[in-house]
Amino acid sequence: MSQGGGATPAGGNPTALQATGGGVVFSKVFIQRDYSEGTSVKFHTRLPTELEGMIERHVFEATINRLNEFYAEAEEGSCGTYCEGCIGCITAYLIYMCSETHYEKTLRKISKFVASQNERIYNAKGLQLIDPTYRGLRVIEITIFDRPGRT
């Protein structure tokens, strides 16, 4: 765990953790990958029970759906991505020292999107989305900060 303190499962739920770090109490909720349509990067859009009442269902679903769209865009094959692969092969992949791949560009867009969502929506509600690339594209981590005065 990146933020100190002894983490313990909250209520026996394997996808939620509670911890303390630096005097701040927080818990984490993990949105799992959805493998129902294969192994492409896609996350479940169901609102976890831990977040009910903290964020509107439609806002949460819109965020996850947009992330899923970004990952679908990153993984789709096009003439440009095939040419990119061929040029990489021809140049012994040295071209990638000078330029970003389509996938890397899309991951950068995802990072900007997550940061903007945190700034516009989630941070004001005491939540923070963690970029899925920090968790190996396995889960979306949402940190819930317990603020004084919140019940």
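Calculation notes
- Residues numbered from 1 in each chain as written.
- Predicted model: local features only at pLDDT ≥ 70, side-chain atom pairs only at ≥ 80, totals over all residues.
- Heavy atoms only, no water.
- Helix = DSSP H or I, 4+ residues; strand = E, 2+ residues; numbered from the N terminus.
- Buried < 20%, exposed > 50% of the residue type's maximum accessible area, 1.4 Å probe, protein only.
- Areas by Shrake-Rupley, 256 points an atom, 1.4 Å probe, with all protein chains shown as cover.
- Phe/Tyr/Trp six-rings, centres within 6.5 Å; stacked < 30°, edge-to-face > 60°.
- Lys NZ or Arg CZ within 6 Å of the ring centre and 35° of its normal.
- Core = buried A, V, L, I, M, F, W, Y, C linked by side-chain atoms within 4.5 Å.
- Contact = heavy atoms within 4.5 Å.

Caption draft 1: Representation of the overall build of the protein chain within the structure. For the protein chain, the helix and strand inventory stands at three helices and five strands. Secondary structure elements of the protein chain occur, N-terminal to C-terminal, as β-β-β-α-α-α-β-β. The buried share among the 151 residues of the protein chain stands at 34%. Summed over its atoms, the accessible surface of the protein chain is roughly 8,900 Å², and 56% of this surface lies on carbon and sulfur atoms.

Caption draft 2: Broad picture of the packing of aromatic side chains. Within the structure shown, the criterion is met by four aromatic pairs. For the ring pair F26 and F145, a centre distance of 6.4 Å and an interplane angle of 55° mean the geometry is tilted. In this pair, F26 sits in strand β3 (residues 24–32) while F145 sits in strand β5 (residues 139–145), placing the two residues 119 residues apart along the sequence. Taking the relative accessible area as the measure of exposure, F145 reaches 24% and is therefore partly exposed. Here the basic side chain of R66 rests over the ring of F70, its NZ or CZ set 3.9 Å away from the ring centre.

Caption draft 3: How the structure looks around the side chain of T106. Here T106 is to be found in helix α3 (residues 102–122). For T106, a relative accessible area of 2% corresponds to the buried category.

Caption draft 4: Quick look at the nonpolar core. Core analysis: the biggest nonpolar cluster contains 26 residues, and L51, I55, F60, L127, I140 and I142 have the highest contact counts within it. Not counting chain neighbours up to four residues away, the residues in contact with F60 comprise I31, T45, R46, L47, P48, L51, I55, Y122 and I142.

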